[in-house]
Amino acid sequence: MAARKRASTNSSSSTQTTKPPKTQEAEAPISAPKSGLILKLALFFSVPYFYLVLSHYKIEPELRNSILINAGLSLAAFFVTVKMIPVASRYVLRRNLFGYDINKKGTPQGTLKVPESLGIVVGVVFLVFSILFQYFNFTADSNWLVEYNAALASICFMVLLGFVDDVLDVPWRVKLILPSIAALPLLMAYAGHTTIIIPKPLVPYVGLEVWDLGWMYKLYMGLLAVFCTNSINIHAGLNGLEVGQTVVISYAILIHNIMQIGASADSEYKKAHAFSIYLAQPLLATSLALFSYNWYPSSAFVGDTYTYFAGMTMAVVGILGHFSETLLIFFIPQVLNFLLSLPQLAGIIPCPRHRLPRFDPDTGLLTGTNDGTLVNLFLRQFGRMTEKRLCVYLLVFQALACGFCFLLRYFLAGWYK
């Protein structure tokens, strides 16, 4: 994430930019998207995924067609996002929504104005194509249509509140409340079960196999939305990190959903996971489009708009897909980063405005500080390195956490639940 021109008033712990002297200011041209990188990522993600959809699992033709139609719309959303980001960049620069990259301070790149808050493009394109998908998949009397629209309403609300945060720079105590407000449409419209399955080893002690939590389940859903949005927001500070972690997690969500659809014979269970796919595919596609501009060296900053949007969308797919436990395991790096950040966020330890590594302009290397973030922890453990390499290490760690989740589910299947 990156701060705006008003960086002197920004209190965000994941802020990436600051304002250099006016004599050094320069406006960065919007560079072309990194097409080669995105092509490689698209092949890496799409080949195994579509193999599972089209060949490995026997999925009902109607359900498979819905997934493929959604994938086609997601591809269109990717190209629209790629085209819209340079257009939106010019508008946000006119309104002084830009930032300077702290991790390049002291170099010519550190003096460039980089357009901020471009997560608004991803959010709007995502919503437009997700709404269009209703024409192809839902009937007017579909029970899922109500929850689908409620999910989109929550995501739309979060995009709006994230953009408000980017413009007004709201304090952290307000940031914790915003996701709770945005989640209200989903919580009010939720008509699914409020039960949890007790793990088999605990059944003799609890005396129940299924426990109906009632209102507590909706409270849990709201807290999950708060965690997902803010955990993406504070695990940040490097070019490509916020979007990269979203890409990795959303892809893991897609693979998990396809595996569950292929392994189940329950029609409603399959629909729940398909519902999750309908939102995760356009999230992945639009995020890849933004990643093509945000990857190192970044020519576009995502802002709180994107981190809130991405976190809320993943929370929604986890809630309505009924795999919130799995989602939290996918979020292991974010959980670890939150635990490391907690003493500073709670005010127990002094929390500086920017909890970023120290950048040496002579060597181009980052050095970890004692601040409680996963970014600094990696630097303290593995030594000084470039911003690009550090981001790659963190994204590999994110992928390993998702892989660990799949292994854990495999080994615990039949014993845990």
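Bear in mind that the values here come from a model prediction, so they are computed numbers and not experimental data.

## Side note on the overall build of the chain
Part 1 of the argument: Scanning the chain for helices and strands turns up 16 helices and seven strands.
Part 2 of the argument: The globule rule puts the C-alpha radius of gyration for 417 residues at 22 Å, and the 21 Å found for the chain is close to it.
Part 3 of the argument: Principal-axis analysis of the C-alpha atoms gives the chain an extent of 65 × 45 × 35 Å.
Part 4 of the argument: A burial count over the chain gives 54% of its 417 residues as buried.
Part 5 of the argument: Long-range pairs, those at least 24 residues apart, make up 75% of the contacts in the chain between residues at least 6 apart in sequence.
Part 6 of the argument: As displayed, the chain offers around 18,200 Å² of accessible surface, 67% of which is attributable to carbon and sulfur atoms.

## Things to note about the confidence of the model for the chain
Part 1 of the argument: Averaged over every residue, the pLDDT of the chain is 87; the share at 70 or more is 91%.
Part 2 of the argument: Note that residues 1-25 has pLDDT below 50 and, in this model, 92 contacts with residues that lie over four places away or in other chains.

## Brief notes about the layout of surface pockets
Part 1 of the argument: The volume enclosed by the second largest pocket comes to roughly 540 Å³.
Part 2 of the argument: Taken together, 23 residues form the lining of the second largest pocket, with Ala42, Leu75, Phe78, Ala285 and Leu288 sitting closest to its centre.
Part 3 of the argument: Residue assignment for the lining of the second largest pocket shows that the elements contributing at least two residues are α1 (35-56), α2 (61-94), α10 (241-263) and α11 (267-294).
Part 4 of the argument: Grouping the amino acids of the lining of the second largest pocket by side-chain chemistry returns 18 nonpolar, five polar and no charged.

## Details of the packing of helix α9 (residues 215-234) against helix α14 (residues 332-345)
Part 1 of the argument: Between α9 and α14, whose axes approach to 10 Å, the crossing angle comes to 80°. Classified by the angle between their axes, α9 and α14 sit roughly perpendicular to one another. Contacts from Phe227, Ser231, Ile232 and Ile234 of α9 reach α14 at Gln334, Val335, Asn337, Phe338, Ser341 and Leu345.
Part 2 of the argument: Split into classes, the residues belonging to the contact of α9 with α14 amount to six nonpolar, four polar and no charged.

## Observations concerning the packing of aromatic side chains
Part 1 of the argument: Under the definition given, this model contains 19 aromatic pairs.
Part 2 of the argument: Ring-pair connections join several aromatic residues into one group, and the members of that group are Phe378, Phe382, Tyr393 and Phe397.
Part 3 of the argument: In this structure, Arg94 packs its charged tip against the face of Tyr91, placed 4.8 Å from the ring centre.
Part 4 of the argument: The ring of Phe98 carries the charged tip of Lys113 above its face, separated from the ring centre by 4.8 Å.

## Digging into the pattern of salt bridges
Part 1 of the argument: Per the counting criterion, the structure on display carries five salt bridges.
Part 2 of the argument: Note that Lys270 is salt-bridged to Glu60, the shortest N-O span being 2.7 Å. Placement of Lys270 in helix α11 and of Glu60 in the loop between α1 and α2 is noted, with a sequence separation of 210 residues between them.
Part 3 of the argument: Owing to a relative accessible area of 36%, Glu60 belongs among the partly exposed residues under this scheme.
Part 4 of the argument: For Asp360, the salt bridge goes to Arg384, with nearest N and O atoms at 3.3 Å. In this pair, Asp360 sits in strand β6 (residues 358-360) while Arg384 sits in the loop between α15 (374-382) and α16 (387-412), placing the two residues 24 residues apart along the sequence.
Part 5 of the argument: The exposure class assigned to Asp360 is partly exposed, which follows from its relative accessible area of 23%.
Part 6 of the argument: Taken together, the salt bridges that share partners define one network made up of Asp101, Lys104 and Glu387.

## Brief notes about the nonpolar core
Part 1 of the argument: If you look at the biggest cluster of nonpolar residues, it comprises 109 residues, and the most contacted ones within it are Tyr49, Ile253, Ile258, Leu279, Phe309, Phe331 and Leu390.
Part 2 of the argument: No other element matches α11, which puts 15 residues into this core.
Part 3 of the argument: Contacts of Tyr49, omitting those with residues within four sequence positions, involve Ile67, Tyr251, Leu254, Ile255, Ile258, Ile277 and Gln281.

## Focus on α10
Part 1 of the argument: Its 23 residues place the ends of α10 33 Å apart at the C-alpha level, agreeing with the 33 Å of an ideal helix rising 1.5 Å per residue.
Part 2 of the argument: Within α10, 20 of the 23 residues are buried, which leaves it mostly tucked inside the rest of the structure.

## Some words on the side chain of Ser117
Part 1 of the argument: By the element assignment, Ser117 lies in the loop between β3 (112-115) and α3 (119-137).
Part 2 of the argument: A polar contact of 3.2 Å, which involves the side chain of Ser117, links it to the side chain of Asp166.
Part 3 of the argument: Apart from the residues within four sequence positions on either side, Ser117 is in contact with Phe163, Asp166, Phe301, Val302, Gly303 and Thr305.

## Side note on the side chain of Asn239
Part 1 of the argument: Relative to the helices and strands, Asn239 is located in the loop between α9 and α10.
Part 2 of the argument: Of the polar contacts made by the side chain of Asn239, one reaches the side chain of Lys104; its length is 2.6 Å.
Part 3 of the argument: Reaching out from Asn239, the side chain makes a polar contact with the backbone nitrogen of Ser298 at a distance of 3.1 Å.

Rules used throughout
- Residues numbered from 1 in each chain as written.
- Predicted model: local features only at pLDDT ≥ 70, side-chain atom pairs only at ≥ 80, totals over all residues.
- Heavy atoms only, no water.
- Helix = DSSP H or I, 4+ residues; strand = E, 2+ residues; numbered from the N terminus.
- Rg over C-alpha atoms; globule rule 2.2 N^0.38 Å.
- Buried < 20%, exposed > 50% of the residue type's maximum accessible area, 1.4 Å probe, protein only.
- Contact = heavy atoms within 4.5 Å.
- Areas by Shrake-Rupley, 256 points an atom, 1.4 Å probe, with all protein chains shown as cover.
- pLDDT = per-residue confidence, 0-100.
- 1 Å grid on protein atoms, 1.4 Å probe; cavity = no way out; pocket = protein on both sides within 12 Å on 5 of 7 lines; lining within 4 Å.
- Points joined across faces, edges and corners; volume = space filled by probe spheres on them.
- Nonpolar A, V, L, I, M, F, W, Y, C, P; charged D, E, K, R; others polar.
- Axes fitted to C-alpha atoms, helices over the stretch in contact; angles between N-to-C directions.
- Parallel < 35°, antiparallel > 145°, perpendicular 65-115°, else oblique.
- Phe/Tyr/Trp six-rings, centres within 6.5 Å; stacked < 30°, edge-to-face > 60°.
- Lys NZ or Arg CZ within 6 Å of the ring centre and 35° of its normal.
- Salt bridge = Lys/Arg side-chain N within 4 Å of Asp/Glu carboxyl O.
- Core = buried A, V, L, I, M, F, W, Y, C linked by side-chain atoms within 4.5 Å.
- Expected span 1.5 Å × (residues − 1).
- Polar contact = N/O pair within 3.5 Å; in protein donor to acceptor, adjacent residues only side chain to side chain.

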